[in-house]
Amino acid sequence: MLDHGAPPHNGGPAAPHSEGPGMRLMRRKPVERLVAEGGHGEGGTLRRSLGLWQLTMISIGATLGTGIFVVLGEAVPKAGPAVTLSFVIAGLTALFSALSYAELAGTIPVSGSSYSYAYATMGELIAWVCGWCLMLEYGVSVAAVAVGWGEYLNELLDGTIGVTLPAALSAPPGDGGVFNAPALIVVLLAMGFLLGGARESARANTVMVLVKIGALVLFCAIGVQGFRSGNYENFMPLGMAGVSAAGATLFFSYIGFDAASTAGEEAKNAQRDLPRAILLSLAIITALYVLVAAVAVGAKPWRQFTDSEAALAQIMREVTGQSFWGTLLAFCAVIAIASVVLTVLYGQTRILFAMARDGLVPKVFARVSPRSGTPRANTLIVSLFCGVLAAAVPLGQLADATSIGTLFAFALVNIAVVVLRRSRPDMPRSFRVPLSPLLPALGFGFCLWMMGSLSTVTWVVFGVWMAVGLVFYFLYGYRRSRLAAPAPSEAK
């Protein structure tokens, strides 16, 4: 499958002394080297144990739940009944980028996702920027979703035993709490599954995904009984600006296919299955998001939505007049959101694994346990960091920060697929983006448009994050990059 006819400038890099600073920033990692290193870490290798079904479930697990179970209550006040259109716009934006991801995942099936794609096409500095964005996207997404898990846990406790956790221990500072203990707990539970191995984690995730799909189908079946067409009379009360703002907030719930691409080194047949899993999962979750949002707004006037992260359970209780259905949905949501934490945390660890193997972050993140075939130290460090973040930062700020990191990384992927088409046109591809470069250009444009819809505060946070990342790169990664010296063995 490997194409060894690469032009000379895409081959192995020259030794550092023959490169100027500008050339070192633009050095690319050959696709052949990326693929040859697949699975290899410090002291062990990752195990290829995931098929199409597991990869699709990872995609759905990382996606389905965040936008519906957690952020719907925040998005509806921004767009009104047109929140359904916000989901469609966010899904369409994700589709253009998903097509680019599908092509690159089938061509470069490695754990680094868009970081590795950028490394092969646009050079090390752009790859670092992309990887730094992915840290924001994945790490913050884990924390944001974990915060919502605590809300549904309280709904479940209230409906079953009539008690709730005190606000001081179930909400982060700024939201009336001191320390969000449930958010930390769910991250640590996900960490336990991941330490057991990729196959074991995938099995647990599959069960949780089936539960969450069942919960949303149940919500639609019951929620439609309270449907009132009058709730849609003023469909777009806040105009397209509101629809766009809600779509930008909701977009972070479409990162599931990105998580699937991080499983490239643990898939049995990555070149065939990754593109299929990416597109299949996106179709399923978009359909469910739009359906559930339509039923929710039809059952409850949009002005009555609040910032509660447990909006669906409240609607179930209001429609039926009974607490049982809301409690049941809260139970399903507790399981469903845990699967999001599990799969997104998985993606974060695999991206850091790839960056550590390239020398851009400390090599501790690339150490693999020979017994379990997992990056244990990586998983422990990332889980503890995300758990503390979840316990200390409000959800709304986290969701917007995740959105901007996701959109920036997706924009780079749309560029990367066009660049690789031009630089390596004869490389075997298991999937090709149709109408290229038109659709990648649309994906790039949509990403920029949605980034422009985010608040000034979010942009400031993003700018500070990128500045910190560049400082780290020039102090650490620039000097320690393994691509700065000839590879010890290009073909093992």
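Just above, that's the structure.
Source: prediction; values computed, not measured.

Enquirer: How do you make sense of the packing of helix α11 (residues 198-223) against helix α15 (residues 311-320) when you look at a structure like this?
Expert: Working note: a packed helix pair is described by the angle between its axes plus the distance between those axes. Here α11 crosses α15 at 35°, and the two axes come no closer than 10 Å. In the packing of α11 onto α15, the handedness of the crossing is left-handed. Contacts from L216, L218, F219, I222 and G223 in α11 reach L312, I315, M316, V319 and T320 in α15. Here the residues of the contact of α11 with α15 are counted per class, giving 8 nonpolar, 2 polar and no charged.

Enquirer: What's the story with a positive patch on the surface in this structure? I'm lost.
Expert: On the surface, R47, R199, R203 and K268 cluster together into a positively charged patch. Tracing the chain through its elements places R47 in the loop between α2 (31-36) and α3 (52-63). Of the residues examined, R47 reaches a relative accessible area of 42% and is grouped as partly exposed.

Enquirer: Honestly, helix α5 (residues 72-79) in this entry has me stumped. Any pointers?
Expert: Since the α-helix packs 3.6 residues into each turn, any two residues three or four apart lie on the same face. Extensive coverage of α5 is indicated by the burial of 6 of its 8 residues. One or two residues past the end of α5 sits G80, with phi positive at roughly 70°.

Enquirer: Where do I start with unusual backbone geometry in this structure?
Expert: Trans is the common state for peptide bonds, and a negative phi is the common state for residues other than glycine. In this model, S436 is joined to P437 through a cis peptide bond whose omega is 10°. Structurally, P437 can be placed in the loop between α18 (395-423) and α19 (438-452). For L435, which is not a glycine, the phi torsion comes out positive at approximately 55°. With respect to the helices, strands and loops of the structure, L435 is situated in the loop between α18 and α19.

Enquirer: Can you walk me through the packing of aromatic side chains in this structure?
Expert: For the structure shown, the criterion picks out 19 aromatic pairs. On the basis of an interplanar angle of 45° and a centroid distance of 5.5 Å, the ring pair of F96 and F446 is categorised as tilted. With a gap of 350 residues between them, F96 in helix α6 (residues 83-107) and F446 in helix α19 connect regions that are remote in the sequence. Taken together, a centroid distance of 6.0 Å and an interplanar angle of 75° make the contact between F446 and W449 edge-to-face. In this pair, F446 and W449 both sit in helix α19, 3 residues apart, roughly one turn of the helix. The exposure class assigned to W449 is partly exposed, which follows from its relative accessible area of 37%. An aromatic cluster is present here, built from W128, W132, W465, F472, Y473, F474, Y476 and Y478 joined pairwise through their rings.

Cut-offs and rules
- Residues numbered from 1 in each chain as written.
- Predicted model: local features only at pLDDT ≥ 70, side-chain atom pairs only at ≥ 80, totals over all residues.
- Heavy atoms only, no water.
- Axes fitted to C-alpha atoms, helices over the stretch in contact; angles between N-to-C directions.
- Helix = DSSP H or I, 4+ residues; strand = E, 2+ residues; numbered from the N terminus.
- Left-handed = near helix turned anticlockwise from the far one by under 90°.
- Contact = heavy atoms within 4.5 Å.
- Nonpolar A, V, L, I, M, F, W, Y, C, P; charged D, E, K, R; others polar.
- Patch = residues over 30% accessible without salt bridge, like charges linked within 9 Å, V, L, I, M, F, W, Y side chains within 5 Å.
- Areas by Shrake-Rupley, 256 points an atom, 1.4 Å probe, with all protein chains shown as cover.
- Salt bridge = Lys/Arg side-chain N within 4 Å of Asp/Glu carboxyl O.
- Lys, Arg positive; Asp, Glu negative; His and termini not counted.
- Charge placed at Lys NZ, Arg CZ, Asp CG, Glu CD.
- Buried < 20%, exposed > 50% of the residue type's maximum accessible area, 1.4 Å probe, protein only.
- Phe/Tyr/Trp six-rings, centres within 6.5 Å; stacked < 30°, edge-to-face > 60°.

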